[in-house]
Amino acid sequence: MASEDSLRDNTSTTPPPPPPPPPSSSSSQQQSSPSPLSSELTSSPPKSTTSPFTTEAILQGKAWVFGDDINTDIIIPFRFKSRTNDPNEMAKYAMYGIDPDFHKKIGKGDILVAGRNFGGGSSREQAPVALKYAGISAIVAESFARIFYRNAFTVGLPALEVPGIKDRTVQGDVLVVNLGQFTVTNTRLGDIFQAKSVPDFMKKMLLDGGLVEYFKKNQKFPWT
Amino acid sequence: MSTYSLSSPSSQNQVAKILDNDSMTFAEKAISIKSKRSQSHDANRRNDSSSKMSMAGDIAVVDVDLAMAQDSTGPLAIRSLNEMRIDKLYDPSKVLLVIDHTFPAADEKVANLHAMMRKFASKHDCMLIEGSISHQHILENLAYPGMMILGGDSHTCQAGCLGAFATGIGSTEIASIWATGQIWLKVPETVKVLLSGNFKKGVFARDLILDFIGKLGEDGANYRALEWTFSDDIARRDLTMDSRACITNASMECGAKLSVFPFDKLTEKYINDNPRRIKEDSALEIHPGSSATYVDEINIDCIGIESMVSGPDHPDVVRPVSEIAGMEIDQAFIGSATNGRIEDLEIAARILKGRKIHRNTRCIVTPASVRVYEEAIRRGYVEIYLESGAVFTNATCGACVGTHLGALGEDEICISSSSRNFVGRMGALSSKVYLSSPATAAASAIEGKIASPEGYL
């Protein structure tokens with residue numbers, strides 16, 4: 001599981017990887033909880049022979065579902081992000097524009113699901129940083145605004161573009177994100193969604209934990 | 001000082017070939033010229049090693065001429081450099097730090113981050129500007145046609161008004177440019193916009209771009225370039241450089257990666273009137289090819305545009321002033337990078353002259369730069385504002401981002417010529433921001449409610 005560990009920040013300020021959260025029990029349609037690492041969910045669809053990865057990173061988390069046009073001022077307002085350079089401080093304001101207490105409600109490893117244009121507006125890298133340090137392990141959205149999308153990969157927060165995901169996910173669904181295949185599985189429904197592909201160098205950067213971690217490991221930038 | 005000389009294409013064969021190409025958009029040409037390596041998404045072109053052209057959808061690694069970060073993105077960029085243990089900048093003369101967002105520092109925490117930036121700029125001997133908004137400083141002093149500008153600020157796209165390729169990215173990617181001089185870019189598809197006709201009385205560039213965003217949607221130009229051109233000389237005559245800058249700045253609100261007015265006589269005149277140092281052979285007249293491929297073509301007749309108001313909460317919720325006139329306001333804000341240039345301050349002064357701000361309303365005027373500030377004093381506008389009861393602040397992004405000099409309390413309503421109206425943008429989550437032209441904001445300040453500027457002009 002080296003690659004899964006490497007998705008998380010290795011600095012001492014970051015808590016260790018959490019255990020997978022319990023699946024939602026509120027839905028009568030809830031299937032028995034599959035093990036994300038051993039079931040057929042992770043081996044399907046077939047592995048791509050061109051995959052550059054020797055190990056595939058699997059994330060599992062409970063879904064928080066949001067609507068369209070969740071902008072960066074909602075994700076972290078300027079007046080908070082501009083007064084600190086500490087990621088753990090930024091995390092206290094994650095999704096403040098919708099719920100100032102949201103950061104207290106997030107379980108480690110939870111996954112954000114959203115509609116169109118997630119992360120529109122500002123160039124603030126603090127937006128994906130705040131979400132990541134608040135415990136969010138991945139974002140799956142119908143589409144992303146372009147600067148946020150770049151920034152998410154930069155900070156090592158998986159951002160997967162999956163048209164149709166919002167309407168097929170309800171709050172509390174347990175999702176499995178496979179970063180090798182770039183797929184998202186809704187364990188309640190058994191749906192497997194293929195996310196929009198990204199260039200190999202972006203995937204490598206993501207699997208190394210972001211741009212800073214990539215550089216520390218390789219002493220070069222992914223595109224140089 | 002020689003301020004403006006176009007490079008001679010004959011001395012640069014490859015560049016000349018790209019400039020002359022008839023089938024490339026502005027974005028394709030600008031990126032191809034700066035491209036060191038390009039990977040085509042098209043297999044046929046990928047195998048053609050002689051092709052140096054980067055076309056829409058390709059990914060290119062480009063040389064960057066200017067990489068900027070401001071006081072809410074710079075500290076994080078510096079932190080990332082430190083974490084990577086990078087101690088040497090590729091070329092400090094291409095690095096710009098700007099302290100503009102919370103300037104002067106509103107509290108101790110901000111002051112500490114500002115100090116961090118000053119220390120970094122001093123250590124590396126890079127450019128540091130305090131007290132002018134970055135986008136206006138770049139427009140007035142640094143940008144030139146064909147320049148490749150990356151900024152840790154989404155509104156960096158404003159410099160497209162001078163025919164530069166300019167776009168926003170995040171802090172750590174800016175740090176990587178400071179370290180290497182390069183960045184990767186995906187070549188955007190382009191939407192061509194053709195402008196014609198003249199504005200009605202009381203209608204301005206801001207109304208045009210608000211109307212445009214309302215039609216295109218909040219993500220209507222996400223990943224795309226907007227190429228603004230003219231289908232007649234009337235529109236070309238009426239859209240000053242200040243107006244062009246308003247349009248290219250606000251294009252971010254429909255997600256545009258690039259928003260550009262390709263080089264023309266006005267570009268040349270502006271640069272001659274506002275001299276700057278340009279390295280020999282750097283400035284390039286990039287004209288889109290006549291058979292370039294566009295994903296969309298939009299024609300706008302300016303005469304059909306009304307005074308518009310956008311908001312609250314989303315930039316694409318747009319309607320004519322007449323449909324919302326009469327809504328009571330607590331504050332009117334005129335200025336910022338989107339509308340804090342001298343043409344904007346002039347129209348505000350014309351409307352406010354000899355009149356009083358409504359007693360239930362605050363009015364704040366914020367210029368975009370020190371140069372605009374000085375010009376407003378010289379022309380007597382500041383006196384007019386103060387006599388009307390308005391506040392005139394230093395150049396800053398303060399009110400626009402709700403950090404200082406005009407933040408909103410709970411349930412307050414503001415009409416503003418600033419850039420955004422997102423939830424809680426200017427303060428309390430329950431406050432509401434409506435965006436308009438400076439003229440509409442000034443008229444509203446007098447009436448204490450949203451009002452059309454038409455009767456005041």
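Residues numbered from 1 in each chain as written. Chains lettered and ligands numbered in written order. Predicted model: local features only at pLDDT ≥ 70, side-chain atom pairs only at ≥ 80, totals over all residues.

### Comments concerning the confidence of the model for chain A
Here chain A averages 83 in pLDDT, and 75% of its residues register 70 or above. The model gives residues 1-55 of chain A a pLDDT under 50, and that stretch makes 73 contacts with residues more than four places away or in other chains. (pLDDT = per-residue confidence, 0-100. Contact = placed C-beta atoms within 7 Å.)

### Some points on the interface of chain B and chain A
By a widespread convention, an interface's size corresponds to the accessible area lost as its parts come together. With 44 residues of chain B in contact, the opposing surface of chain A contributes 37 residues. Elements supplying a minimum of two residues to the side of chain B that touches chain A: β2 (59-63), α4 (74-83), α5 (108-124), α7 (171-180) and β8 (182-186) of chain B. A per-class count over the side of chain B that touches chain A returns 14 nonpolar, 20 polar and 10 charged. (Helix = DSSP H or I, 4+ residues; strand = E, 2+ residues; numbered from the N terminus. Nonpolar A, V, L, I, M, F, W, Y, C, P; charged D, E, K, R; others polar.)

### Regarding the nonpolar core
Grouped together as the largest cluster of nonpolar side chains are 220 residues, with contacts concentrated most on A130, I139 and V140 of chain A together with A143, I149 and A442 of chain B. Residue contacts for A442 of chain B: discarding those within four places in its chain leaves A332, I334, A348, I351, L352 and P453 of chain B. (Core = buried A, V, L, I, M, F, W, Y, C linked by C-beta atoms within 7 Å. Buried ≥ 20, exposed ≤ 12 C-beta atoms within 10 Å, placed from the backbone.)

### Quick word on the sheet that holds strand β1 (residues 35-39) of chain B
Residue and element names in this part refer to chain B. In space, the 3 strands of this open sheet follow the order β1-β2-β8, with antiparallel pairing throughout. Each edge of the open sheet is held by one strand with a lone partner, namely β1 and β8. On average, adjacent strands in this sheet sit at an angle of 20 degrees to one another, irrespective of strand direction. Pairing of β2 with β8 involves 5 bridges; the strand directions are antiparallel. Each bridged residue has a counterpart across the sheet, and for I59 the counterpart in β8 is K186. Contacts from helix α2 (residues 26-34) reach β1, β2 and β8, with the element oriented near 60 degrees to β2. (Pairing = 2+ DSSP bridges. Axes fitted to C-alpha atoms, helices over the stretch in contact; angles between N-to-C directions.)

### Concerning unusual backbone geometry
The linkage connecting F103 of chain B with the following residue, P104 of chain B, adopts the cis geometry, with an omega of -15 degrees. Relative to the assigned elements, P104 of chain B resides in the loop between β4 (95-99) and α5. Looking along the chain, the bond that leaves G311 of chain B and enters P312 of chain B is cis, with omega of 0 degrees. By the element assignment, P312 of chain B lies in the loop between β13 (308-310) and β14 (318-320). Phi at N117 of chain A is positive, roughly 60 degrees, even though this residue is not glycine. With respect to the helices, strands and loops of the structure, N117 of chain A is situated in the loop between β2 (111-114) and α6 (126-133). A positive phi angle is found at R85 of chain B, which is not glycine, with a value near 55 degrees. Here R85 of chain B is to be found in the loop between α4 and β4.

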